[in-house]
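Descriptive structure summary
So you can see what is in the structure, the chains are spelled out below.
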Amino acid sequence: MAANNIKVLLVEDNPGDVFLLQELLKEVTTDVVELMPVERLLEALKDLSREDFDVILLDLSLPDSQGLETFIIAHNQAKATPIIVLTGIDDETLAIRAMQEGAQDYLVKGQVTGDLLVRSMRYAIERQRADNALRQSEERFRVALKNSPIFVYNQDMELRYTWVYNPSYGLTVEEILGKQDLDIIPIEDAQRLTTIKLQVLTTGIGTREEVSITIKEATRYYDLTIEPLRNETQEIVGVTCASIDISERQAALRERKLAEEKIREQAALLDVTTDAICVRNLNNQIILWNKGAETLYGWLATEAWGRNASELLYDEPCPEIEAALLQVLSKGMWQGELTKLTKTDKEILVASRWSLVYDEQGKPKSILTVDTDITEKKQLEAQLFRAQRLESIGTLASGIAHDLNNILTPILAGAQLLPLKFPDVDERTRHILEILEINAKRGADLVKQVLSFARGVEGKRITLQLRHIIVELAKVLKETFPKSIEISTDVPQDLWMVSGDSTQLHQVLMNLCVNAHDAMPNGGTLIISAENLLIDENYARMNWGAKVGHYIVVTVSDTGIGIPREILDRIFEPFFTTKEVGKGTGLGLSTVLGIIKSHKGFVNVDSELGADTSFKVYLPAVEGMETLKQADLIPSTGEGELILVVDDEPAILEITKTSLETHNYKAIVASDGIEAIALYAKNMEKISAVLMDVMLPSLDGLTAIRTLQKINPEVRIIATSGLMSSNKLGTIAALGVNTFLSKPYTVNELLLSLQKVLSKQAR
């Protein structure tokens, strides 16, 4: 163990005692003691002024000083140095008085050993260090309190002020000490403070409250912390409190809240838009954040308020933002495209429009930002450059589908309505109307097929039996394929059910059969078979996309020219084809794969050049009975219910109104969202349901639906559209609208949808 060096000033006029102490210290091996003896107090004071000592050994009886005064003089000269008093037996009472004045210890001459002396010096040094640290801490605390706005005080069990620092309320320390709150502040404020403090005295648990105190008709606000005050035995003897005047902060907060409230009131209607609207002050702090911003960026308004917009929406400083800020401050507005981050750190691209807002004196006070999400738009543009032909088909399909479905809707409804209006028409006319209806449905299915490929539009999933589709498809193939190709089917009667869209699955099988036809230019055999299959873990590991469970396997086999092994892995790529120019687009198999994946299935292919080819389509099996299509169900007629029909196509409005009235409903019509809201507000008690087109001018259908739900949370709505993506369907479902009618719709589908929502209303 390393020895400690202790520098000691010994003030002792008896040479014998000095010699004895020196001899005792020589016996100590744990520490090295450097002893400097002096005989008089004056000499000691001179040494203390010239150099520092770790400890002082002081005899109180010296030639030039006697008694307690000796200690007081030495202690005042060296307050930071511990003093151990050396005393005789008769002087022990005097030594104790010295300790009460600040001495660290006392030693009786003649009763001291070397180890005891060193141990006493060590303890004295450590205690003095602790005392010095405590004094420094107390001094820092005193200075901090003196320079702070904190009003600190103690109160006893009767809540009388016993200690006060930095007094508040416009009073002095003398005016507060010994008094209670009732003596110095208004009675209501005092009673409120007394209740809080008594609760702390009773429970022993501290608290923090925001309180207001009114003095001379001026109200001040304080952040008050109250803790129980305890004695050495941990008994509660009062409370200790710290009070901070926060009146200015509260005033600023109230002003800001009033300003924010004014902005929110003026912008209340902004929440109906799907755009993200944000208002920032000139320090870039967010003071308004609408529902569109919550939806787009994921941050709730309560999370966004007061935050720096750049820190919230960007991960690093952006030169484009600085340039935009300079322009909006100099010219009053800016617009452009920006990449921003959502709450989940997802990058989105927005079309951003900034406008400078001025106060009543014409000075700039904030910036209004309107962001429109164009991420999907830009992604589609990027896809256009990567796959121009595929995107061209998608653009064409989405461009015409809405109008085409709007055209087909009145045709289909009219073809079904005319036989009811004219029940006595001749057989030929009836046949013409049937042809009209069938072809309108085929046109609608064709649009859905194109959209299914080009835009990924979800079809209606029902529980169906694939055997019916295969049998129907075989009939069509036998009528259209050349006689040189033999068509055969092998489908068991106990084939399991699947959940899917019959039109899309029909398209899958048709594409595979057309490819088989093209692979047999000189004729051959085309076999369509189906079987039930239970996939186990081993089978699932060997087939990517497969999961353990029950599946239906549909196999399309041909005896054609086969597929070379080197291109077998590329056949599902878009636009890849081995056919001659003008005889194939390369989209058939990519469409097959996309549809089967959307049905949670997978596809396998086996082929060799010059040999048979076999495509196997695996679809998950489901339990239950086959779901009837709406066309197979018979709806009930109305009972005079009033239906609000909203659509921007006059033909659809007219034919839908006529169809409803023919089936004992009443109808009123609106051509846009604004007119629909006005009509509903006027006739809310009479209207039983609303048929709402999602794509409307002036005010879009989704916004109109939200507004109707605010007017009447129980409103029954059927959403309808000729072009609806899965994202939009999800948005509609999130609004609580679970009934969607795809254009073109039949009269039967319309009546069944109404029956569905009205039956919910009845329950």
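Here goes a summary of the coordinates provided. Residue numbering note: each chain is counted from 1, following its sequence as written. Only residues with pLDDT of 70 or above have their local features reported here, since the model is predicted, and side-chain atom pairs are shown and tallied only from 80 upward, although totals for entire chains, interfaces and linings are computed over all residues. Computation of side-chain values: all heavy atoms of the structure, hydrogens and water removed.

Thoughts on the pairing of strand β12 (residues 236–245)
With 7 bridges connecting them, strand β8 (residues 150–156) and β12 associate as antiparallel partners. The residue of β12 that forms the bridge with N154 is T240. DSSP-based pairing: two strands are paired if at least 2 bridges between them are found. We count a stretch as a helix when DSSP gives it H or I for four or more residues in a row; a strand needs E for two or more, and each element gets its number in order from the N terminus.

Things to note about the nonpolar core
Within the largest apolar cluster, 39 residues are counted, with the highest numbers of intra-cluster contacts made by L466 and L526. If near-sequence neighbours (up to four positions away) are discounted, L526 is found in contact with L477, F481, I485, E486, I487, S488, C513, A516, M520, V556 and S557. Grouping buried Ala, Val, Leu, Ile, Met, Phe, Trp, Tyr and Cys residues that are joined through side-chain atoms within 4.5 Å yields what is termed a nonpolar core. Three labels apply to residues, based on accessible area from a 1.4 Å probe with only protein chains included: buried if under 20% of the type maximum, exposed if over 50%, partly exposed otherwise in between. C278, W299, L312 and C318 belong to the second-largest nonpolar core, a separate cluster that totals 25 residues. By definition, residues are in contact when any of their heavy atoms lie within 4.5 Å.

A look at empty space enclosed by the protein
Of the grid points, spaced at 1 Å and generated over the protein atoms alone, those admitting a 1.4 Å probe that cannot get out make up cavities, while open sets with protein on both sides within 12 Å along at least five of seven lines make up pockets; any residue with an atom within 4 Å of a point is treated as lining. Grid points are joined across faces, edges and corners, and a volume is the space filled by probe spheres set on the points. One pass over the structure, following the stated rule, counts 4 cavities of 30 Å³ or more. Considering only enclosed or pocket space, the largest cavity measures out at about 120 Å³ in volume. Taken together, the elements giving at least two residues each to the lining of the largest cavity come down to β13 (276–281), α12 (309–313) and β17 (364–373). Examining the composition of the lining of the largest cavity, we find that 4 residues originate from one element, β13, more than from any other. For this classification, the nonpolar set comprises Ala, Val, Leu, Ile, Met, Phe, Trp, Tyr, Cys and Pro, the charged set comprises Asp, Glu, Lys and Arg, and every other residue, Gly included, is treated as polar. Taken together, the residues of the lining of the largest cavity break down into 10 nonpolar, 3 polar and 3 charged. By volume, the second largest cavity amounts to about 80 Å³.

Thoughts on the environment of A276
Inspection of the secondary structure puts A276 in strand β13. Given the relative accessible area of 3%, A276 is considered buried. With near-sequence residues (within four places) excluded, A276 lies in contact with N290, G292, A293, L296, Y297, T369, V370 and D371.

Here's the deal with the packing of aromatic side chains
Side-chain rings of Phe, Tyr and Trp (the six-membered ring for Trp) are treated as a pair once their centres are within 6.5 Å; stacked means planes under 30 degrees apart, edge-to-face means over 60, and tilted covers the remaining angles. Applying the stated rule across the entire model yields 9 aromatic pairs. Look at F151 and Y169: their rings are 5.5 Å apart centre to centre, the planes differ by 90°, and that puts the pair in the edge-to-face class. Placement of F151 in strand β8 and of Y169 in the loop between β9 (161–165) and α6 (173–176) is noted, with a sequence separation of 18 residues between them. Just as F151 is buried, Y169 falls in that class too. A ring is scored as having a charge over it whenever the NZ atom of a lysine or the CZ atom of an arginine sits within 6 Å of its centre and within 35 degrees of its normal. Just above the ring of F53 sits the side chain of K7; from NZ or CZ to the centre is 5.1 Å. Between the NZ or CZ atom of R307 and the centre of the ring of W299, over which it lies, the distance is 5.3 Å.

Some words on the packing of helix α3 (residues 68–77) against helix α4 (residues 92–101)
With their axes 9 Å apart at the nearest point, α3 and α4 run at an angle of 25° to one another. What the angle tells us is that α3 and α4 run roughly parallel. For the pair α3 and α4, the crossing hand works out as right-handed. Side by side, α3 and α4 meet where L68, F71 and H75 of the first sit next to L94, R97, A98 and E101 of the second. Whenever a helix is involved, its axis is fitted only over the stretch in contact; in every case the axis is a line through C-alpha atoms, and angles between N-to-C directions fall within 0 to 180 degrees. For this classification, under 35 degrees means roughly parallel, over 145 means roughly antiparallel, 65 to 115 means roughly perpendicular, and everything else is oblique. Whether a crossing is left-handed or right-handed is set by the direction in which the near helix is turned from the far one by less than a right angle, anticlockwise for left-handed and clockwise for right-handed.

Overview of the pattern of salt bridges
Where side chains of opposite charge bring their charged atoms close, a pairing between them can arise. Salt bridge, as applied in this entry: a Lys or Arg side-chain nitrogen positioned within 4 Å of an Asp or Glu carboxyl oxygen. On inspection of all chains with the given rule, the structure shows 18 salt bridges. For D47, the salt bridge goes to R50, with nearest N and O atoms at 2.4 Å. Taken as a pair, D47 and R50 lie in helix α2 (residues 41–50) at a separation of 3 residues, close to a single helical turn. Residue class for R50 comes out exposed when judged on its relative accessible area of 60%.

Notes on the packing of helix α17 (residues 466–480) against helix α18 (residues 502–518)
Direction vectors running N to C along α17 and α18 enclose 45°, while the axes themselves pass 10 Å from each other. By the angle between their directions, the pair α17 and α18 is classed as oblique. Of the two possible hands of crossing, α17 and α18 adopt the one that is right-handed. Across the interface between the two elements, L466, I469, I470, L473, V476 and L477 from α17 touch S502, L505, H506, L509, M510 and C513 from α18.

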